[in-house]
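What follows is each chain in one-letter form.
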Amino acid sequence: MSSESALKSFLSGGFGGVCTVIIGHPFDLIKVRIQTGAAANSSTFGMLGKMFASGGIRGIYRGVSAPLTAVTPMFAVSFWGYDMGKRIVQYATNNTHGTNLSISQLCMAGGISAIPCTVVMTPSERIKCLLQVQANEVEKGKKPKYTGLMDCAKQVYKEGGIRSIYKGTGATLLRDIPGSIAWFGTYELVKKELMRIQNIDPASGQLSPLAVLSAGGFAGVVCWTIQIPADTLKSRFQTASPGQYTGILDVYQRLVKEEGHSALFRGFRPAMIRAFPANAACFFGMEVSREALSFLD
């Protein structure tokens, strides 16, 4: 792979990420509120209707500035990391002739992609979760602690410096390494099977938009099925007061003791409702922009 292809992955991944946030943010907002106990007994669509009634479009896109600000570099780094992961796997397996990698090797590349992505992902997720939980408190009549994205970032940094900004890094890796393995692996597997069924040559053929949307959607569902317990722990840890938990293991032990193992799957329904359309949009946006940027090859 050339350096141009890596740049193309970086740019197209960023565009795919923007598509993800636009489609999936309302359900992500609901998921975080349920996971952090702010609305544990509410239904997904009940909460969606309530948020829309109280704040309109702004209500269901509350806290979107943090993921939208970070999403371009985050997904750009993710897809760039995937390309770098494939290069590392090729080197490690002495695949110097550019032979197509197996699904298991592509899964390894996907896992590698989560490592650089976490550098951008952790602070974005930390601020996003804090703003989303605050929105629920404001609806109950409480005074907001943060006036916006930048104020939240400044206050979090003031509380504990860069360590506070990156609170939950281990939890993010715990969620994203297996999640990225499943995400990229499922996408590549479904795409490969659809090409086989449609008698399309993987080397030169292209899937239809519907097939790309399907592969991306299934990738999202499998990814979030695996990620949701670690994501619940991460959300609890990142929104907790300083000193409330000693670490992610403490979050797990106390959550299971107080609320049972089922609490690990809080937010599963909105995550699943969000997973298919948001990730279908991500991969479709990525593939479309990748094609548009073919001049970089």
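Scroll up a little and you will see the structure.
Residues numbered from 1 in each chain as written. Predicted model: local features only at pLDDT ≥ 70, side-chain atom pairs only at ≥ 80, totals over all residues. Heavy atoms only, no water.

Asker: Can you tell me about the pattern of salt bridges, naming the residues and giving the values?
Answerer: What the rule picks out here adds up to 13 salt bridges. Taking the shortest distance from any N to any O, the salt bridge between Lys-128 and Glu-125 comes out at 3.2 Å. Taken together, the positions of Lys-128 and Glu-125, both in helix α4 (residues 103-139) and three residues apart, correspond to about one turn of that helix. Taken as a pair, Lys-128 and Glu-125 share a single burial class, namely buried. One salt bridge connects Arg-196 with Glu-193, and the closest N-O pair in it is separated by 2.8 Å. One end of the pair is Arg-196 and the other is Glu-193, both in helix α6 (residues 169-197) and three residues apart, which spans about a single turn. We classify Arg-196 as exposed; its relative accessible area is 54%. (Salt bridge = Lys/Arg side-chain N within 4 Å of Asp/Glu carboxyl O. Helix = DSSP H or I, 4+ residues; strand = E, 2+ residues; numbered from the N terminus. Buried < 20%, exposed > 50% of the residue type's maximum accessible area, 1.4 Å probe, protein only.)

Asker: Help me get a handle on the packing of aromatic side chains, residues and values and all.
Answerer: Scanning the entire structure with this criterion turns up 10 aromatic pairs. Taken together, a centroid distance of 4.6 Å and an interplanar angle of 50° make the contact between Trp-183 and Phe-283 tilted. Of this pair, Trp-183 sits in helix α6 while Phe-283 sits in helix α9 (residues 268-292), placing them 100 residues apart in sequence. By the burial criterion, Trp-183 is buried, and Phe-283 matches it. Taking the centre distance of 5.6 Å and the plane angle of 85° together, the rings of Phe-218 and Phe-276 count as edge-to-face. You can see Phe-218 sitting in helix α7 (residues 209-239) and its partner Phe-276 sitting in helix α9, a full 58 residues away along the chain. Classification of Phe-218 as partly exposed rests on a relative accessible area of 45%. Connected via pairs of aromatic rings, a cluster forms that spans Phe-75, Phe-79, Tyr-82, Trp-183, Phe-184, Tyr-187 and Phe-283. Taking the ring centre of Phe-237 as reference, the NZ or CZ of Lys-167 above it sits at 5.1 Å. (Phe/Tyr/Trp six-rings, centres within 6.5 Å; stacked < 30°, edge-to-face > 60°. Lys NZ or Arg CZ within 6 Å of the ring centre and 35° of its normal.)

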